[in-house]
Amino acid sequence: MLQGKKILLGISGSIAAYKTAFLVRLLVKAGAEVKVIMTPASTEFISPLTLSTLSKNPALSRFVKNDAGEWNNHVELGLWGDLFLIAPATANTLAKMSQGLCDNLLLATYLSARCPVMIAPAMDLDMYKHPSTTRNLELLKKDGVEIIDAESGELASGLTGMGRMAEPEHILNAIELFFKQEAPTLPLRGKRAVITAGPTQEPLDPVRFISNHSTGKMGYALADQLKKQGCEVILVSGPVSITPPEVDKLIKIQTAKEMLDATVAEFQNCDLAILCAAVADYRPKEQSPEKIKKRDQELTIELIKTPDIAAELGKLKSDKQFITGFALETQNEEKNAISKLNSKNFDMIVLNSLKIAGSGFGHDTNKITIFDKHNNKLQFELKDKKSVAEDIVNEIIKRVI
Ligand code: PMT
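Parameters and conventions
- Residues numbered from 1 in each chain as written.
- Predicted model: local features only at pLDDT ≥ 70, side-chain atom pairs only at ≥ 80, totals over all residues.
- Heavy atoms only, no water.
- Near = heavy atom within 4 Å.
- Polar contact = N/O pair within 3.5 Å; in protein donor to acceptor, adjacent residues only side chain to side chain.
- Helix = DSSP H or I, 4+ residues; strand = E, 2+ residues; numbered from the N terminus.
- Nonpolar A, V, L, I, M, F, W, Y, C, P; charged D, E, K, R; others polar.
- Patch = residues over 30% accessible without salt bridge, like charges linked within 9 Å, V, L, I, M, F, W, Y side chains within 5 Å.
- Areas by Shrake-Rupley, 256 points an atom, 1.4 Å probe, with all protein chains shown as cover.
- Salt bridge = Lys/Arg side-chain N within 4 Å of Asp/Glu carboxyl O.
- Buried < 20%, exposed > 50% of the residue type's maximum accessible area, 1.4 Å probe, protein only.
- Pairing = 2+ DSSP bridges.
- Core = buried A, V, L, I, M, F, W, Y, C linked by side-chain atoms within 4.5 Å.
- Contact = heavy atoms within 4.5 Å.

(A) Molecular detail of the site of the ligand. Around the ligand sit 28 residues, and of these Ser214, Thr215, Leu275, Lys340 and Asn352 come closest. At 2.7 Å, a backbone N or O of Ala277 approaches an oxygen atom of the ligand. One of the backbone N or O atoms of Pro307 is found 2.9 Å from a nitrogen atom in the ligand. Contributions of two or more residues to the shell around the ligand are made by helix H9 (217-228), helix H11 (309-316) and strand E17 (322-329). Looking at which element gives the most residues to the shell around the ligand, the answer is E17, with five residues. By residue class, the composition of the shell around the ligand is 13 nonpolar, eight polar and seven charged.

(B) Quick look at a nonpolar patch on the surface. On the surface, Ile15, Tyr18, Phe22 and Phe45 cluster together to form a nonpolar patch covering roughly 410 Å² of accessible area. Secondary-structure assignment places Ile15 in the loop between strand E1 (6-11) and helix H1 (20-29). By relative accessible area, which is 45% here, Ile15 ends up partly exposed.

(C) Broad picture of the sheet that holds strand E6 (residues 146-147). Pairing within the open sheet is parallel, and its six strands lie in the order E3-E2-E1-E4-E5-E6. Unpaired on one side and paired on the other, strand E3 (59-60) and E6 mark the two borders of the sheet. Here E1 pairs with strand E2 (residues 33-38) via six bridges, running parallel. Bridge pairing links Leu9 to Val36 in E2.

(D) Structural detail: the pattern of salt bridges. According to the stated counting rule, one finds 24 salt bridges in the structure shown. Between Lys317 and Asp347 there is a salt bridge, with its nearest N and O atoms 2.9 Å apart. Taken together, the positions of Lys317 in the loop between H11 and E17 and Asp347 in the loop between helix H12 (333-343) and strand E18 (348-353) put the pair 30 residues apart, joining distant regions of the chain. As far as the burial class goes, Lys317 and Asp347 line up, both buried.

(E) Spatial organisation of unusual backbone geometry. Each neighbour pair has its own omega, and for Ala87 with Pro88 the value is -5°, a cis peptide bond. Even without glycine at this site, Asn345 takes up a positive phi of about 60°. Looking at the secondary structure, you find Asn345 in the loop between H12 and E18.

(F) View of the nonpolar core. Judged by nonpolar contacts, the single largest core of 33 residues is most densely connected at Leu2, Leu9, Leu27, Val36, Leu85, Ile171 and Ile175. Within the residue set of this core, elements represented by two or more residues are E1, H1, E2, strand E4 (83-89), strand E5 (117-121) and helix H8 (168-182). Tallying contributions element by element places H8 first for this core, with six residues. Residues in contact with Ile171, not counting those within four places in the same chain, are Leu23, Leu85, Ala87, Ala120, Ile148, Met165 and Ala166.

Here it is, written out as structure tokens:
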């Protein structure tokens, strides 16, 4: 249910902190990745070692990491999470949150977080019903924080009443419900896509290969954008040096044949394909098992065609599947792109031209024109590849939803 969700768990200093060991286990079991941030007071109630072991990530409690002055970057943490859950949230922590105070790592991360925030308060019954706590909870609600109500029962003070932190199972239910409610708003929820990206390398011998200048930037930006729109993404990538986005499956390949095998196998279970890879069109006919020695003035290498992955997918495509291809051109751009749209049985093709400055290989930007099989033509400005990916995915959404 929480597969792939990134949950920041903030723990403040209450006896209920001991229950977070169970909570972390439940979240991890449900498929979430969990990073723990603790207030200094909470480390008196449960050890960071317990939480780092269960979450498989360091449990952080200080701004400064070590004597070398390295710091725990609360901004990065705040941007990382899909959800920031603060459980238990003490009267002190929620009061500070409501006022924007920031004297520990948890609070600094709260102020940096762009994701939704949920809190599970825990305190003694009189503290819980105190007007200042009620006021602070109201302020937090106004700030968009979702409150998982405290529960009634026996309290650490010996008193009985409202104030116990919600049980870990109840917190898990609240989180699952939250993601379920959020889910239908994403247009590609329930769809699965395969994307090819980067170059292929066609070996000549153990040290040399034929390839091209593709960096994977365009394909990786598309994979990221599809994920953001709720799509399940399988990324088939040639060798690149950039960091892959978070996807559901990353298949690394080297040659066109390997890319063909992986892509065809995945396409059968996909609704969408985006073919952004710069596949080498030819490969050396023979691959020498040893390094080819430098001998004569000239060396002739015989090349043969690689498989055309796009054309193969075009043949396999059912009425329910949608393929977006790319065309990288240097001349007769529009004519060649439309010809590829038809010959490879694409539903839509994205033309980028190496003739336009800042476009095509390597750059962080691209300028594209989209053609579809209903003779529509859409021209876009030069933009960064992230925005180009948004434009392409929006056009796909318009045609498949
Ligand atoms: O990776 P970057 O540095 O960000 O650069 C991005 C890019 C320029 C590589 C990308 O935007 C792009 O244009 N990719 C397609 C490059 C290409 O090979 O174009 P093409 O016109 O030769 O191929 C047409 C289509 O057939 C493409 O969808 C291609 O993936 C596919 N193809 C081509 C040959 C082949 N053997 N198999 C294929 O699937």
